[in-house]
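Summary of the model geometry
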Amino acid sequence: MYRYIIRRLLLSLPVLVGVSIVVFSLIRFLPGDVIVSMVAQAEGSVTEEIKESYKKKLGLDKPYHEAYATWVWGLVRGDLGTSLWTGDPVRTELARRIPISAELAILAVVFALVIAIPLGVLSATKQDSFWDYAPRLFSIGGLSMPDFWIGTLVIVFPAIWWRWSAPLGYSPFLDDPVRNLQQFWVPAAVLGVRLSASTMRMTRSAMLEVMREDYVRTARSKGLTERVVIYRHALRNALIPVITIVGTQFSRLLGGTVVIEILFALPGVGRFTLDAILKRDYPSVQAGVMFLATVMVIMNLVVDIFYSYVDPRIRHQ
Amino acid sequence: MSYRTFLISLATISALLWSACAPAAEGPSKEGVASKEEVAQAAKNFQDLFPINPPEPAKKPKYGGTLYGASSYDPAHLDPRLSSAGGVFQITNMVYNKMLKYKHGPEFHPFNLEIIPDLAKSWEVSKDGLNYTFKLNEGVKWQNLSPVNGRSFTSEDVKYAWEAYAKEGLEKGTFADVDKIETPDPLTVTVALKQPSNLFLNRIASPYIPIFPKEILEQDGDLKKRAVGTGPYILKELTKKEKIVVEKNPNYFKKGYPYIDGAVFYIMEDIATKMAAYNSRQVDVVNYLPSAADALEMKKAAENEIRYVPPTSGSQVFAMRLDKAPFNDVRFRRAVSMATNRQAMLDTCYEGAGYIGPSLPWSFVLDKAPKLEELGPWWQYNLEAAKKLMAEAGYTPEKPLKVTMPYYPYNEGIGCSAAIAQEDWKKIGLETDVQRMDYTTYNNQLIGRTFDTMIVGWQVAGQELDTFLYGQMHSKSPANRFHINDPVIDQLTEQQRRELDPVKRKAIAKQISDRDLDQVFRIMQPGAGSFYVNRNTVRNYRNGQWVSHLFYSSYQMEILWLDK
């Protein structure tokens, strides 16, 4: 198993190198000069002289290959560079945001699983009844409704009807867990709705497939209660594909919930990366994308390892 | 039960529920949303419904309390030399002072700019306009924080800061005419100019030139990370994308100020989030209300104080590359202008809350806002006349000119106005592909002056007449984004720069504006009016042409108090 893990990690290195080249190049090929953008609001004092001085100061006058090599060497040493706009170390800014996105992603996954698995099991075991149709309709609704729309409704209407909105100003969990959860449960629920919809459907179809297997019929014929058949025999095997989905969704949630972060004023990784792209803050974009790529690679590996523990057949393979 | 039966049952129940609860298509509003009729009716009277400068209650200001606000601005850094973004100045205008500043608060004039003392208690200008003498307030101290540690503020600090602005950054132009700055004593600063300038006082009173301490610049190399000033508030916390926290400066040199203990500005970009924060009473100030309909609805609650500030100039420009054919043909421009239905844009896109007029704010040259019919023939919507003139310029609906016109949606009205214009222009022979762009790409084309044919553009604006005249229109000005190159305009804009007599200068400005109206160098969209809202416990807060909302004009924090 260790050899497998090391081999996978080594194989992921070329992937990450490829991502680094792509992100480094693409952001520089986007139309729009970051220098002009920086002085956009000046009152008639933008000149070539000012633009050149900015370029030099920000190190944007270096040749492409030199700039790439400098950046990669910094990455290896854990130095993600300095933001072109703020002058702050990108590592500090990113590190501040990772726990926020991670907490949001974890809570969203928990929320989704708490809803999706019972509903998926119910839907599968009561196939073609009301208890099947209702969860399926819920899942279609959850997949159809954009999370930004749900999020906006959830923000606007409680504020008007009940004078309530989530507390402002991020509080870390360790500082004030109650306030932290008050801030996070709503956006996590909004994200969880969509995730629970897809997870519920996967759970349902996996359960339906597993319930038809010989070993489930054998379990029933041995006289085991339906509860034991479903939860100890069927669900355990049905969860394997569900874990795969949830694992990949988690890495997507970690970096891609920009709209929810903006709506709920949470300074997460998605918002950080989007801002950086819009402002052409090259070091920040590069750091954000590399972070997401690394998370994707690691999460895929974790899911595969978990898979092998849950399914002994894969382990022996 | 089959799935089909289930779906039919659900659809039937939903339809019954919807018919019971759905709002009427038109007519008086149900609670929560002002109807279109109400808005249209109110549009005739916004200025009376939401007075720009309502009287303050006859109460003595109270001390204490914390102000909570929802700001759109995330400060990239704290260096006022290297930015003119709102995010930077919402902090520097609380932490620093300037030599002079603009009058604000209940006693200000909403449309006329009045310069008042700040760090300087008085100033004199020589008759020839070449020499300025500033007398500083006594007893001014820097805030009691490292690296200044509460030391006394002197004239040397002013000299240092102004020379730093002259050396590097976006305000070099302000000090371009300065020959020397001297400090004959610790409370006096003298400035000698190379030539008379009617810009200097106005610029140093603007929000963009606060006085900062030399220690920070010398130690850090810039002012990006730290802000320690002489101002009414001390910066306690700045967490980017989250919040700004300031506390009262107990040693502020203006005795009795500030009134409040501090403020917390939460940073949020989304308007729905801001309004939710306001409606849930977590904040007492936001910048603008999103629409007139919101303003009408919120007015029903006594706790909301809403002021309407009409714009004094047109806003976004349907701009053309005036150095290229056919845009350099005045017939073409006049035709397009006559085919632009600005009234429809104002009514449809801005709910009637706005102003139709040229780029130059009317308050610089007139006593009141001009009516649309007073702007001349080329500003009147007349498709037939436009078609005829366009044909003379060489284009017809059958043989149109096809161009791309990018824009950035600073507000919803911009794209809406572009869509209205697009339809009308097609009828006279101009087909526009209106393209929405991201911020950086758009501003590169606009500020870099590299757009190909047309663009929906914004222009530099400011508190000084020269910005609107020389800045926007002189052929050599870097801020002349649309390549205006008119010898008459060049000559007049240079002349007004050196004219020290305000009456004569005003007359020259009027001439320039009239020429702009006639030659249609820019086809203006309507300017959008702003509805400012705050809880009625926030006192001494006002907005006008030159004094924006609290986050952009945060120097207003000096005299704010909370009636709680």
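Note that the structure is predicted; figures quoted are calculated from it, not measured.

**Focus on the sheet that holds strand 18 (residues 523–524) of chain B**
- Read across the open sheet, the three strands follow the order 17-13-18 (chain B); overall the sheet is antiparallel. The open sheet terminates on both sides in strands that have one partner only, identified here as strand 17 (454–457) and strand 18 of chain B.

**Looking at the nonpolar core**
- Ranked by size, the top nonpolar core spans 71 residues in total, and within it Leu67(B), Met99(B), Phe134(B), Trp162(B), Val191(B) and Met557(B) carry the most contacts.
- Once you skip the residues sitting within four places of it in the chain, Trp162(B) turns out to touch Met99(B), Phe134(B), Phe175(B), Ile181(B), Val189(B), Val191(B), Phe200(B), Ile204(B), Ile209(B) and Ile211(B).
- Formed by 66 residues, the second largest nonpolar core is a distinct cluster that contains Val36(A), Met437(B), Leu492(B) and Trp546(B).

**Some thoughts on the environment of Leu10(A)**
Residue and element names in this part refer to chain A.
- Mapped onto the secondary structure, leucine 10 falls in helix 1 (residues 2–29).
- On the basis of relative accessibility, which here comes to 54%, the residue leucine 10 falls in the exposed class.
- When the C-alpha positions of leucine 10 and methionine 200 are compared, they lie 35 Å apart, and in sequence the two are 190 residues distant.

**With respect to unusual backbone geometry**
All names here are of chain B.
- Residue serine 146 is joined to proline 147 through a cis peptide bond whose omega torsion reads 5 degrees.
- The step from tyrosine 257 to proline 258 runs through a cis peptide bond, and the omega angle for that step is -10 degrees.
- One non-glycine residue, asparagine 149, adopts positive backbone phi at about 50 degrees.
- Positionally, asparagine 149 belongs in the loop between strand 5 (131–136) and helix 5 (155–167).
- Of note in this structure, arginine 281 is not a glycine but carries a positive phi near 65 degrees.
- The residue arginine 281 is located in the loop between helix 8 (271–279) and strand 11 (285–286) in this model.

**So, the interface of chain B and chain A**
- On the side of chain A, 54 residues touch chain B, which itself brings 54 residues to the contact.
- Both faces considered, chain B and chain A share a buried interface measuring about 4,700 Å² in area, 54% of it formed by carbon and sulfur atoms.
- The interface formed by chain B and chain A contains eight salt bridges.
- Here Arg163(A) makes a salt bridge to Glu303(B), at a shortest N to O gap of 3.3 Å.
- For the pair chain B and chain A, the number of links is 19 residue pairs in polar contact (both at pLDDT 80 or more).
- Contributing elements (two or more residues each) for the side of chain B that touches chain A: helix 1 (3–21), strand 10 (262–267), helix 8 and helix 14 (439–447) of chain B.
- Across the side of chain B that touches chain A, the residue classes break down as 23 nonpolar, 17 polar and 14 charged.

**What about the packing of aromatic side chains?**
Residue and element names in this part refer to chain B.
- Evaluation of the coordinates by the stated rule reveals 44 aromatic pairs over all chains.
- Measuring from centroid to centroid gives 6.0 Å for phenylalanine 332 and tyrosine 395, while their planes differ by 80 degrees, and the two rings are edge-to-face. With phenylalanine 332 in helix 10 (residues 330–338) and tyrosine 395 in the loop between helix 12 (383–393) and strand 15 (401–407), this pair connects stretches of sequence that are 63 residues apart.
- A residue is classified by how much of its surface remains accessible, and phenylalanine 332, at 0% relative accessible area, is buried.

**Comments concerning the packing of helix 5 (residues 90–125) of chain A against helix 6 (residues 130–144) of chain A**
Residues and elements named next belong to chain A.
- Where helix 5 meets helix 6, the closest approach of the two axes is 8 Å, and the angle between their N-to-C directions is 140 degrees. Classified by the interaxial angle, the pair formed by helix 5 and helix 6 is oblique. The crossing of helix 5 and helix 6 is left-handed. Within the contact between the two elements, helix 5 uses Ile115, Leu119, Leu122 and Ser123 and helix 6 uses Trp131, Asp132, Pro135, Arg136 and Phe138.

**Let's talk about the side chain of Thr273(A)**
Residue and element names in this part refer to chain A.
- Its location among the elements puts threonine 273 in helix 12 (residues 269–279).
- Take threonine 273: its relative accessible area is 7%, and that puts it in the buried class.
- Those residues in contact with threonine 273, other than ones at most four positions away along the chain, are Gly288 and Val289.

**Considering the pattern of salt bridges**
- Tallied over the entire structure, the rule returns 51 salt bridges over all chains.
- With a closest N to O distance of 3.7 Å, Lys121(B) and Glu138(B) form a salt bridge. With Lys121(B) in strand 4 (residues 120–125) and Glu138(B) in the loop between strand 5 and helix 5, this residue pair connects regions lying 17 residues apart in the sequence.
- For Lys121(B), a relative accessible area of 42% corresponds to the partly exposed category.
- On the accessibility criterion, Glu138(B) (55% relative accessible area) is exposed.
- Across the salt bridge formed by Arg505(B) and Glu464(B), the nearest N and O atoms sit 3.1 Å from each other. Residue Arg505(B) is found in helix 17 (residues 502–519), and its partner Glu464(B) is found in the loop between strand 17 and helix 15 (465–473); the two are separated by 41 residues along the sequence. Here Arg505(B) and Glu464(B) have matching classes, each one buried.
- Where salt bridges share partners, they join Arg163(A), Arg281(B), Asp284(B), Glu303(B), Arg535(B) and Lys564(B) into one cluster.

About the thresholds
- Residues numbered from 1 in each chain as written.
- Chains lettered and ligands numbered in written order.
- Predicted model: local features only at pLDDT ≥ 70, side-chain atom pairs only at ≥ 80, totals over all residues.
- Heavy atoms only, no water.
- Pairing = 2+ DSSP bridges.
- Helix = DSSP H or I, 4+ residues; strand = E, 2+ residues; numbered from the N terminus.
- Core = buried A, V, L, I, M, F, W, Y, C linked by side-chain atoms within 4.5 Å.
- Buried < 20%, exposed > 50% of the residue type's maximum accessible area, 1.4 Å probe, protein only.
- Contact = heavy atoms within 4.5 Å.
- Buried area = accessible area lost by both parts, 1.4 Å probe.
- Salt bridge = Lys/Arg side-chain N within 4 Å of Asp/Glu carboxyl O.
- Polar contact = N/O pair within 3.5 Å; in protein donor to acceptor, adjacent residues only side chain to side chain.
- Nonpolar A, V, L, I, M, F, W, Y, C, P; charged D, E, K, R; others polar.
- Phe/Tyr/Trp six-rings, centres within 6.5 Å; stacked < 30°, edge-to-face > 60°.
- Axes fitted to C-alpha atoms, helices over the stretch in contact; angles between N-to-C directions.
- Parallel < 35°, antiparallel > 145°, perpendicular 65-115°, else oblique.
- Left-handed = near helix turned anticlockwise from the far one by under 90°.

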